[in-house]
Structures are given as structure tokens and as C-alpha cells.
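Overview (structure and organization)
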Amino acid sequence: MASILIKNIGTLVTGKLESPLRAADSIFIQDGLVQAIGNGLAQAADQVIDANGITAIPGLIDSHSHPSIGEYTPAQNTIGWITNYMHGGVTALISAGELHLPGLPLPPDARTALSVAIVTKKCYDNLRPSGVKVHAGTLLLVPGLTQKDFDEIQSLGIKLVKFIFYDYSLLPNGEANRYVDWAHARGIKVKIHSGGVSRSGVSQVAGFDMVQKIRPDIIGHITGGPIPMPEADMLRIANETDCFMEICTSGNYRLALSLARAVKANGRYDRVLIGTDTPGGTGIVPRGILREIAFLSAVGEIPAEKSICMATGNVGRAHDLNLGIIEEGRPADIVLLHKITGSVSKDALDSFAKGDLPGISYVIIDGVVQVAGRSQQTPPPERAASESCC
Ligand SMILES: [Zn+2]
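Conventions and cut-offs
Residues numbered from 1 in each chain as written. Predicted model: local features only at pLDDT ≥ 70, side-chain atom pairs only at ≥ 80, totals over all residues. Heavy atoms only, no water. Helix = DSSP H or I, 4+ residues; strand = E, 2+ residues; numbered from the N terminus. Buried < 20%, exposed > 50% of the residue type's maximum accessible area, 1.4 Å probe, protein only. Polar contact = N/O pair within 3.5 Å; in protein donor to acceptor, adjacent residues only side chain to side chain. Pairing = 2+ DSSP bridges. Donors = N, O, S within 2.8 Å, 3.2 Å for Na, K, Ca; no water. Core = buried A, V, L, I, M, F, W, Y, C linked by side-chain atoms within 4.5 Å. Contact = heavy atoms within 4.5 Å. Arc of directions from axis to C-beta. Axes fitted to C-alpha atoms, helices over the stretch in contact; angles between N-to-C directions.

On the secondary structure map, Thr 14 appears in the loop between strand S2 (11–13) and strand S3 (21–22). Its relative accessible area of 4% is what places Thr 14 among the buried residues. A polar atom in the side chain of Thr 14 sits 3.0 Å from the backbone nitrogen of Lys 16. Among the polar contacts made by the side chain of Thr 14, one reaches the main-chain carbonyl oxygen of Ser 19 at a distance of 2.7 Å.

What follows is the structure in C-alpha cells.
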């Protein structure tokens, strides 16, 4: 596999909250992995990219996505959305369930839910649209699943299950809590749809009490997707639990600001994840993750390099995936970006801090250049990176 040397990086964002910025201007990539990070690296490489002083960040991860079939989304009868998201800096998508499949009975019975998860997982394992890593096959938890079913999804590498359609009036029989135990015993994370009813019309409402009863790992779109739980419930989850909490593009911005203030007060930036909760009724939003980072930075007044961690390293850690961090030995998923001409900001981080989107110049996934020069979805950055000869 080709090697790449990126030189003249202006600012390097790591995706790690404990050290979000690293003083280095070069990254050497080989065999799809970051091999070295430093100043003035000069390794011989097949491709040399002159970053021209702009910013490098980890590839963005959409913590809450709804893939269905390849790049087609039945939610909007549209094709090509994954490539468009990639041009918005997204290098990995985490499925929150393949529930937009046309005609899928909702809620599905146990065999149908399991079958959809298996088929989707196997398809995306075999398909990387524009290089994007699609973590699909998220099992929708419904009554009647067996421990053998959990064995099967574990053997396929499925790492996430989700409560959304489960009839919570059945909680006294203990099945839902057994599901959580079975998942955790197999290294599988549990997500819950929170807040009001979604577009399906049959998702179950869940707030603080349900979270206490089920004890999931990740609260899906805690600030709404589209309808959030009551603000007091959200703040109790923020202050009284250790769950990861998603802020999604599809949600309620008043509550997103309230949550930003709560995590700022309790210092728990490590628990916040950014997703879009699309494709769905909100549409297809290729720049959705960039917009959430800008909102949390500019309106939520969270330092931009930390907001970026919420869409990169935090998401990888929450889902137990080796994603979202620029570090030696990690997958080389890197985005180069800079301020857009006309923005009052001075660079990419300052753009986020002022509420502007930056423009993307390069997207690299597993050490392969997917976007070179400029993105088709953002305006061009004022200064672009370029391939330089040797
Ligand atoms: Zn969703």
C-alpha cells in the first residue's frame, strides 16, 4: 500500500480530549496506518502532501447514522449520500439501526430484526463507499431474542444493539435487562432511543427513568431526534449517570445548548458524542457534523479542539472502535481543512469558534486519499493543501 508524507501542517488536532493538540507539523503514513508524527519528518514516500500550513484533524465519525442499502437511502429516495458525507469530512458512520428499509414491519419481530442486522452487517463488510467505514448491523432489540442470537451477532463482529421499539411495559419480566447483560458479556454496547416518538411513529418514549431501569451505555440523541426528553431528565442523566450522550443534527438546539452548559459545568466533555441522526426525516446533511462542531464551539463556548474530540475520539471510545484519534499505530483517517475565503476567522479552529464552517481540502481514509485539493460539499478553503513532488 502506498505511503504518504504530510508536511507543513499548521495545527494538529489529535481527537484525544486529554491532549487535543499536538505540537507537530508532519505525519508519515504507511500500510494505512499513522507510522510517525513529528516536526520536519522527511521519510521517502509515494505521495507527499504539502499541507501549506492548514489544520489536520481526525476523520469525523457520525455517531448516529441510518444506512440501509449501499449509498441508497430510502428515507429520502436518494443515492450517493455516503460519498457526499465523506466530502463533509466523515470517514466512518455508526449505524443506529437499519430501520428505514422499505416495507420493514415496525416493530419487526425477533427473527426479522436479527435477519436485517445480519444482512446489513455482511453487505457493508463487503462495501466501502468512497472508502467510508460503515459500522452497520446494529440489532434492534425486540421481545423474543435468545442468547444464541447474541452469540451470532458477536461472531459476525456486530458491536452495537439498540432499544427503540422494545415494549417497556414488558420490563417487569426481566428480558430487557437480560439483553443488556448478554450484550455486555460479549463486548457489545447498548444504545437507547431517547425522547419522543420518531418518524416511525412506533418508537418508545424514554427519559431518565427508563435510562435508570435499562442502564444503556449510550443515550441516542439525548437533545432530540427530533423530540428530546424533558430538560430536567436530560440534566439528571448528565449529572447523575456516566452514560455517553449524543447531540444530533436532527435535534433541539435549545437543549443542545443546555447540555453543552451542563458538561462544561461538570467537566464531562468525555461523555459527549456528535452525530446527525440522518438519513431520515431531517434529510441528508453532508456538513451536519461540521455544523454541530461549530454550534458547540461558537454557541456552547467549548474550545473547538475539544468539540472536535466529540465527533472523533469520543465516538470511537464509546463504541469500542479503533477510530477517531491521530496517533502512531492508529488508522490513518485524516482531514485537512482551513478557513473559507470571506470568513472573519484566521484558521479552521477559529472558524469553528466563530460559528463558521471551515472548508475541506483533503480527506484520507486508511491511508488512501479520497478528496484532494477541495471538497465538493464545502466551499473551498482559502488555502488548500496540495501534492508536492518528492
Ligand atoms: Zn436515529
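Next up on the list: the sheet that holds strand S13 (residues 189–193). Pairing is parallel across the open sheet formed by six strands, whose spatial order is S11-S12-S13-S14-S15-S16. Every interior strand has two partners, whereas the edge strands, strand S11 (139–140) and strand S16 (272–275), have only one. Pairing between S11 and strand S12 (residues 160–163): two bridges, direction parallel. Residue pairing for S12: Leu 139 is matched across the bridge by Val 161.

Ligation of the zinc ion by protein atoms is provided by His 64 (NE2), His 66 (NE2) and Asp 277 (OD), these donors lying 2.1 to 2.2 Å from the ion. Sequence positions of the donors to the zinc ion reduce to the motif H-x1-H-x210-D. Highlighted residues: His 66 in the loop between strand S8 (60–65) and helix H1 (81–86) and Asp 277 in the loop between S16 and helix H8 (288–298), separated in sequence by 211 residues. On the basis of relative accessibility, which here comes to 4%, the residue His 66 falls in the buried class. A residue is classified by how much of its surface remains accessible, and Asp 277, at 10% relative accessible area, is buried.

Residues Leu 139, Val 161, Phe 163 and Tyr 168 are the most contacted members of the largest nonpolar core, which totals 90 residues. Looking at this core element by element, the count peaks at seven residues for helix H7 (residues 253–266). Contacts of Tyr 168, omitting those with residues within four sequence positions, involve Phe 163, Ile 192, Gln 204, Val 205, Ala 206, Met 210 and Ile 214. Residues Ile 6, Ile 49, Ile 54 and Leu 336 belong to the second largest nonpolar core, which totals 20 residues.

This part is about the side chain of Ser 351. Among the secondary structure elements, Ser 351 is positioned in helix H11 (residues 348–353). You can call Ser 351 buried: its relative accessible area is 0%. In this structure, Ser 351 is in contact with Lys 339, Ser 343, Ser 345, Asp 356, Leu 357 and Pro 358, ignoring residues within four places of it in sequence.

When helix H4 (residues 175–185) is considered as a whole, its buried residues turn out to be Glu 175, Ala 176, Tyr 179, Val 180, Trp 182 and Ala 183. The buried residues of H4 occupy one face: seen down the axis, they fall within an arc of 165°. The secondary structure elements touched by the buried residues of H4 are helix H3 (147–156), S12, S13 and helix H5 (208–214).

This next bit is on the sheet that holds strand S4 (residues 26–30). Across the sheet, five strands lie side by side as S5-S4-S1-S6-S20; this open sheet has mixed pairing. Looking along the sheet, the strands with just one partner apiece sit at the ends: strand S5 (33–38) and strand S20 (386–388). Strand-to-strand twist in this sheet, taken as the mean axis angle between neighbours without regard to direction, amounts to 25°. Bridge count for strand S1 (residues 4–7) against S4 is three bridges, and the pairing is antiparallel. Bridge pairing in S4 links Ile 6 to Ile 27.

Turning our attention to the pairing of strand S18 (residues 359–365). Across the seven residues of S18, seven count as buried, placing the element largely inside the fold. The sheet contact formed by strand S17 (residues 334–338) and S18 spans five bridges and is antiparallel. Across the sheet, residue Val 335 finds its bridge partner in S18, namely Val 363. With three bridges connecting them, S18 and strand S19 (residues 368–371) associate as antiparallel partners. Its bridge partner being in S19, Val 363 is matched across the sheet by Val 371. The antiparallel pairing of S18 with S19 creates a hairpin that spans two residues between the two strands, and Asp 366 there sits at a positive phi of about 50°.

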